[in-house]
Amino acid sequence: MKRHGQNVTGKMLRAKCCGQKSCRQNVCKVYIREVEALAKQIEGVYEQILSCAMTEFLEKGYTDASLRDIAAKAGTTTGSIYTRFGDKEGLFEAIVGTHYWYLTEKFKNALAEFYKLPDEEKPERMGKISQNCMKEMLQYGLAHQKEFYLILCKSEGTRFSGMLDEFIEAEIRSTDDYLETLAKLGRPAPEISPHLKHIIVTAMFNGFFEMIIHNMPPKEAESYLKELNLFFEAGWAKIMGQ
């Protein structure tokens, strides 16, 4: 938004300044202060829109949220919202987008790190990599709890509503890769039904995200996460015959 304010300032200065030396030294100095104040007002509106939109989305969810109500509470117009964010989903993305991408990339990077390991190291290192990744994700999620509450509970009607399914699908693909690795190592697992894999992985991520949805105190949440990891690691090991 700062960049937007600077653009507005530059355009107005070019329109105001006559180009004469005396103007640049005298009149334009006063005008610069006026335009800088206007730019700050513009930035203030931007932040106010985000704040009011956060409240509106939390209360009503994306589908029922009203841009007209957001604009009224922010002291601006719906046209101002469209100018800055494009549409309602663009406004929603301005609130949650950065956090959505951070968490999904963190998870994908952990899976990629594990995939690149030599096969013989994977059984021993899988638990540690998973635990570290989930802990970092939990800490970040709790630090930005309202944004993730929006994604997890209030995003129906946006592309962000599929985040949980994205995590589940990625984890199932990683599980299938690991089963192939065990077979290569001469430690094949019994055949596991795709439905069972989906049920287990879904249960794991539902349990994980519940801690963020309910905004648990960080120390309590990390304690639960350790127990959750132990539970699912032991369960998978049993099912895989390891």
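Residues numbered from 1 in each chain as written. Predicted model: local features only at pLDDT ≥ 70, side-chain atom pairs only at ≥ 80, totals over all residues. Heavy atoms only, no water.

## Side note on the packing of helix α10 (residues 194-213) against helix α11 (residues 218-240)
Here comes step 1: At a closest axis distance of 10 Å, the pairing of α10 and α11 adopts a crossing angle of 175°. Taken together, the axes of α10 and α11 are roughly antiparallel relative to one another. Touching K197, I200, V201, A203, M204, G207, F208 and M211 of α10 are A221, Y224, L225, L228, F232, W236 and I239, all from α11.
Here comes step 2: Classifying every residue of the contact of α10 with α11 gives 13 nonpolar, one polar and one charged. (Axes fitted to C-alpha atoms, helices over the stretch in contact; angles between N-to-C directions. Helix = DSSP H or I, 4+ residues; strand = E, 2+ residues; numbered from the N terminus. Parallel < 35°, antiparallel > 145°, perpendicular 65-115°, else oblique. Contact = heavy atoms within 4.5 Å. Nonpolar A, V, L, I, M, F, W, Y, C, P; charged D, E, K, R; others polar.)

## Section: the layout of surface pockets
Here comes step 1: Put simply, the largest pocket is a space of about 620 Å³.
Here comes step 2: Lining the largest pocket are 26 residues, and of these M126, G127, S130, E171 and E233 lie nearest its centre.
Here comes step 3: Looking at the lining of the largest pocket, the elements that each hand over two or more residues are α6 (88-115), α7 (122-143), α9 (163-184) and α11.
Here comes step 4: The element best represented in the lining of the largest pocket is α7, accounting for eight residues.
Here comes step 5: The residue makeup of the lining of the largest pocket, split by class, is 16 nonpolar, six polar and four charged. (1 Å grid on protein atoms, 1.4 Å probe; cavity = no way out; pocket = protein on both sides within 12 Å on 5 of 7 lines; lining within 4 Å. Points joined across faces, edges and corners; volume = space filled by probe spheres on them.)

## A few points about α6
Here comes step 1: A rise of 1.5 Å per residue sets the reference length of α6, with its 28 residues, at 40 Å; its end C-alpha atoms lie 38 Å apart and thus fit the reference within 8%.
Here comes step 2: For α6, the principal kink sits at V96 and spans about 55°.
Here comes step 3: Where α6 begins, the side chain of D87 points an oxygen toward the backbone nitrogen of E89, at a separation of 3.3 Å. (Expected span 1.5 Å × (residues − 1). Bend = angle between axes of the 7 residues up to and from the residue. Polar contact = N/O pair within 3.5 Å; in protein donor to acceptor, adjacent residues only side chain to side chain.)

## Focus: a nonpolar patch on the surface
Here comes step 1: Together, L196, I199 and I239 make up a nonpolar patch on the protein surface, roughly 240 Å² of accessible area in all.
Here comes step 2: Within the secondary structure layout, I199 lies in helix α10.
Here comes step 3: Given a relative accessible area of 53%, I199 falls into the exposed group. (Patch = residues over 30% accessible without salt bridge, like charges linked within 9 Å, V, L, I, M, F, W, Y side chains within 5 Å. Areas by Shrake-Rupley, 256 points an atom, 1.4 Å probe, with all protein chains shown as cover. Salt bridge = Lys/Arg side-chain N within 4 Å of Asp/Glu carboxyl O. Buried < 20%, exposed > 50% of the residue type's maximum accessible area, 1.4 Å probe, protein only.)

## Describing the environment of R68
Here comes step 1: Tracing the backbone shows R68 in helix α4 (residues 67-74).
Here comes step 2: Sequence separation between R68 and I81 is 13 residues; the distance between their C-alpha atoms is 9.4 Å.

## Structural notes on the packing of aromatic side chains
Here comes step 1: On inspection of all chains with the given rule, the structure shows 17 aromatic pairs.
Here comes step 2: Note on F92 and F160: the rings are 6.1 Å apart at their centroids and 40° apart in plane angle, and the pair reads as tilted. A residue pair is termed long-range when its members are at least 10 positions apart, and F92 in helix α6 and F160 in the loop between α8 (145-153) and α9 qualify at 68 residues. The same class applies to F92 as to F160, namely buried.
Here comes step 3: Their ring planes at 75° and their centres at 6.1 Å tell us that Y140 and F148 sit as a pair that is edge-to-face.
Here comes step 4: The ring of Y115 carries the charged tip of K122 above its face, separated from the ring centre by 5.1 Å. (Phe/Tyr/Trp six-rings, centres within 6.5 Å; stacked < 30°, edge-to-face > 60°. Lys NZ or Arg CZ within 6 Å of the ring centre and 35° of its normal.)

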